[in-house]
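A look at the structure
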Amino acid sequence: MPDQPHSNVIQELLGELHASFAGVREGRVADYIPELAKACPDDFGIVIATSGGRIYEIGDTRKEFTIQSISKPFIYALALKMLSFDVMASKIDVEPSGEAFNAISLDPDSGKPRNPMINAGAIAASAQICDANPGGAVDLLLEYFAELAGRPLTINEAVYRSEKETGHRNRAIGHLLRNFNIIESDPEPALDLYFRQCAISVTCRDLAVMAATLACQGRNPFTGGQPLSYDITVRVLALMGTCGMYDFAGQWLHDVGIPAKSGVAGGVMAVIPGRLGIATYSPPLDGFGNSVRGVAVCRQLSAGVGLSLFNQYYQVDATIRRSYQGSQRKSRRWRSERELEILAPHRDEVRIIHVQGVLDFGGIEQLAAELVRLSGDVRILILDLAHVTECPMESSGLLDRQLCSLEDQGVEILLSRAGRLPLVSRAGWAITERIDAYEHLDSALEAAEELLLTWYAPAADADNGDDDDLADQGVLAALGADHRRILAEHLVRRSFMAGDFVIRRGDPGDELFLVRSGSFDIALDIKTGDGQSHSTRLATFGPGLCFGEIGFVAQTPRTADIIATRPGECWVLHRNAFDELSASHPDVVIALLKALTCDIGAKLSQTSVQLTLMEHY
């Protein structure tokens, strides 16, 4: 039996909505444009398009119809994009009219249309586009709508001709706008563009993608294109909220609470900013010119699953994912006993804070509250941003100021896993030149430990360059002086440059390495959930530590690469030398194996602790 896909509750929800309202018979198909009267009243489709690029659909979602007035917010957005906010403010107001979509609603003094969502405002917006690009306005329009929908769109010529032949009221509005100099040239080209934009053929799915593009601040989540900027989408969504449903807009905002726009061909488009776009198609209209089934679906989504913008649940400190002291999380750099002694009393001078979600005003307020509560003993802050999805431009300056203030008080700030967020390269940021950023949390933890060692390690702890003294080799500390002297006679010193492979995966386990200087990483390729292999650092070894002991003792092939990350030297015990030592001085070999066993046990214990911590942090 073939595998059946798991059911999806969102898809099931759309099925329930479709079944609930498919039988509704109220409303009439628009007939004032003859071509629209040919629509089938039983057509009914619902689509949800998410900001993550997922589509849920049911019903007649791929059947084409004309966009009509749903083009208006996009036309106004295009005019803003081509001209400016100031120019458009001089031509069109942004106040709700409280009148029907085709009302001649103009300011009695200036002659400006009340808003861009009524016919007068849309014709005025089309005129500005026409004047800005008189020879290529139609091609520009279609290219723009193709970016919004993620596919090429065309004009339904039959509907266009029908609208043009019967659009006497719109033609009168155009000439009246010319009288007030809102349209500064012959109004006929602007009217022709208006008739064409209303006759663009779309599907319910297209409208949902276009709505999702508005939800994503002008970025199409399916193509990655950016037809609109965030500041334009903010204004367009505000107008859709207050004016998008004409003389029903106030009741709509009160009952549904979602920015939306309707069209007389039966489409309704609604936007949940930052989340998703909703589209419905059903030709029968109510007395306000809105799709009966479309309004019903949006009402039910608002009330049933809490999509109203005014029904947002409060969040209590959701920005802070984790906050803990440095003693609770160590880096993967293995430390000598002396380094561990120095670090132990000072680890809690490090604070690690994991941040998540969107660092908007509310998120930064929560982070700022956490930062001001830091103990005066904290000298290093590691700010991990792996789970931050966005830091809006508008609020980022507050974060900059907070971090600068903290650093002015003497706290070293280390950023980790900032990812795609341009936090340390944003123009105008004062903090940019003052903090270090790390690709991995472990690298930031290691950097914090190095700072502590720099501050607190006595000068006498520096490498004295004694080639022959193995007493500082932590793993050999348990050996007596005579045993170390005999062992030293069987060791060879080997130098490495940064980037050199000391051990390669699959090599025979015939050498044991004791680090005299430099830094050496264990690197392992790990396949992640995306199917890609990534090189991951398992541990770092510095002076006084050993590596390669497991393969050496077990006489098994190497399971990982070990690479020199800083120039250094190692004392190396080869298998042949070990065998000679076993024959000549078995007591030394026994002492060495005991020391290696203890070292392996300590490493396994620390690894177990680190794995446990990773589950919680």
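What comes next is a walk through the structure. (Residues numbered from 1 in each chain as written. Predicted model: local features only at pLDDT ≥ 70, side-chain atom pairs only at ≥ 80, totals over all residues. Heavy atoms only, no water.)

**Some thoughts on the overall build of the protein chain**
Heads up, the condition is: Helix and strand definitions here come from DSSP, where helices need a minimum of 4 consecutive H or I residues and strands a minimum of 2 consecutive E residues; each element is numbered from the N-terminal end. In this setup the radius of gyration rests on C-alpha atoms only. A globule is expected at 2.2 Å times the number of residues raised to 0.38. Accessibility here uses a 1.4 Å probe with only protein chains present; expressed as a share of the type maximum, an area under 20% marks a residue as buried, one over 50% as exposed, and anything in between as partly exposed. Here the accessible surface of atoms and residues is derived via Shrake-Rupley with a 1.4 Å probe, and residues count as covered only by protein chains that are part of the display. Charge convention: Lys and Arg are scored as positive, Asp and Glu as negative, and His as well as the terminal groups of each chain are ignored. Charged groups are reduced to one reference atom each: NZ for lysine, CZ for arginine, CG for aspartic acid, CD for glutamic acid.
A tally of helices and strands in the protein chain yields 20 helices and 19 strands. Here the C-alpha radius of gyration of the protein chain, 34 Å, is well above what a compact globule of 617 residues would show, namely 25 Å. Projected onto the principal axes, the alpha-carbon positions of the protein chain cover approximately 110 × 65 × 45 Å. The buried share of the protein chain, taken over its 617 residues, is 50%. Accessible area for the protein chain stands at about 28,100 Å²; split by element, carbon and sulfur atoms hold 52% of it. Placing the 56 positive and 81 negative side-chain charges of the protein chain at their respective mean positions leaves the two points 4 Å apart.

**Observations regarding the packing of aromatic side chains**
Note the cut-off: Between rings of Phe, Tyr and Trp, where Trp is taken as its six-membered ring, a pair exists when centres lie within 6.5 Å; planes separated by under 30 degrees are stacked, by over 60 edge-to-face, and by other angles tilted. Any Lys NZ or Arg CZ that is within 6 Å of a ring centre and within 35 degrees of that ring's normal is treated as a charge sitting over the ring.
According to the stated counting rule, one finds 13 aromatic pairs in the structure shown. Ring pairing ties together the aromatic residues Trp334, Phe496, Phe513, Phe520, Phe541 and Phe547, which thus form one cluster. One Lys or Arg, Arg235, reaches over the ring of Phe85 and ends 3.8 Å from the middle of that ring. Note that Arg504 overlies the ring of Phe501, its terminal NZ or CZ placed 3.8 Å from the centroid.

**Observations regarding the sheet that holds strand β2 (residues 55-59)**
Selection criterion: Only strands joined by at least two bridges in the DSSP assignment are considered to pair. Throughout, an axis means a line fitted to C-alpha atoms (over the contacting stretch in the case of helices), and angles, computed between N-to-C directions, take values from 0 to 180 degrees.
Taken in spatial order, the five strands of this open sheet run β2-β1-β7-β6-β5, and their pairing is antiparallel. In the strand order of this sheet, the two ends are held by β2 and β5 (260-262), each with one partner. Ignoring strand direction, the axes of neighbouring strands in this sheet form an average angle of 10°.

**Side note on the side chain of Glu446**
Put simply, the rule is: By the convention used here, residues are in contact when the closest approach between their heavy atoms is within 4.5 Å.
Mapped onto the elements, Glu446 comes out in helix α16 (residues 441-456). On the basis of relative accessibility, which here comes to 12%, the residue Glu446 falls in the buried class. With near-sequence residues (within four places) excluded, Glu446 lies in contact with Ser331, Arg333, Arg335, Arg537 and Thr540.

**Regarding the packing of helix α2 (residues 71-82) against helix α10 (residues 230-243)**
Note the cut-off: Two helices that cross are described as forming a left-handed crossing if the nearer one is turned anticlockwise from the farther one by less than a right angle, and a right-handed crossing if clockwise. Polar here means any residue outside two lists: the nonpolar Ala, Val, Leu, Ile, Met, Phe, Trp, Tyr, Cys and Pro, and the charged Asp, Glu, Lys and Arg; Gly therefore counts as polar.
The interhelical angle for the contact between α2 and α10, taken along N-to-C directions, is 145°, at an axis separation of 10 Å. For the pair α2 and α10, the crossing hand works out as right-handed. Every residue of α10 that contacts α2 at Pro73, Tyr76, Ala77, Leu80 and Lys81 is listed here: Ile232, Val236, Leu239 and Met240. Partitioning the contact of α2 with α10 into residue classes produces eight nonpolar, no polar and one charged.

**As for the pattern of salt bridges**
The following threshold applies: The salt bridge definition used is simple: a Lys or Arg side-chain nitrogen within 4 Å of an Asp or Glu carboxyl oxygen.
Counted according to the given criterion, the structure contains 27 salt bridges. We note a salt bridge from Glu184 to Lys91, for which the minimum N-O separation is 2.4 Å. Placement of Glu184 in the loop between α7 (168-179) and α8 (187-198) and of Lys91 in the loop between α3 (85-89) and α4 (119-132) is noted, with a sequence separation of 93 residues between them. Note that Glu569 is salt-bridged to Arg493, the shortest N-O span being 3.1 Å. Residue Glu569 is found in strand β19 (residues 561-574), and its partner Arg493 is found in strand β14 (residues 492-496); the two are separated by 76 residues along the sequence. Note on Glu569: relative accessible area 15%, which makes it buried. Its relative accessible area of 41% is what places Arg493 among the partly exposed residues. One connected set of salt bridges, linked through shared partners, spans Arg333, Arg335, Glu339, Arg347, Glu446, Glu449 and Glu450.

**As for the pairing of strand β7 (residues 276-281)**
Among the six residues in β7, six count as buried, and that is most of the element. Across the two faces of β7 the burial is the same, with Leu276, Ile278 and Thr280 and Gly277, Ala279 and Tyr281 all buried. Strand direction decides the pairing type here: strand β1 (residues 45-50) and β7, joined by six bridges, are antiparallel. Bridge pairing in β7 places Ile48 opposite Ile278. A loop of three residues connects strand β6 (residues 267-272) with β7, the two strands running antiparallel in sequence, and Gly274 in this loop sits at a positive phi of about 80°.

**Let's talk about the sheet that holds strand β8 (residues 320-325)**
A sheet is described by the order of its strands in space; here five strands give the open sequence β8-β10-β11-β12-β13, paired in mixed fashion. Both edges of this open sheet fall to β8 and β13 (436-438), since each of them pairs with a single strand only. Adjacent strand axes in the sheet meet at a mean angle of 20°, parallel and antiparallel pairs treated alike. With five bridges joining them, β8 and strand β10 (residues 350-358) adopt antiparallel strand pairing. Residue Ile320 lies in a different strand from β10, and its bridge partner there is Val355. Its contacts with the sheet put helix α14 (residues 361-372) on β8, β10 and β11 (380-390), and the angle it makes with β10 is roughly 170°.

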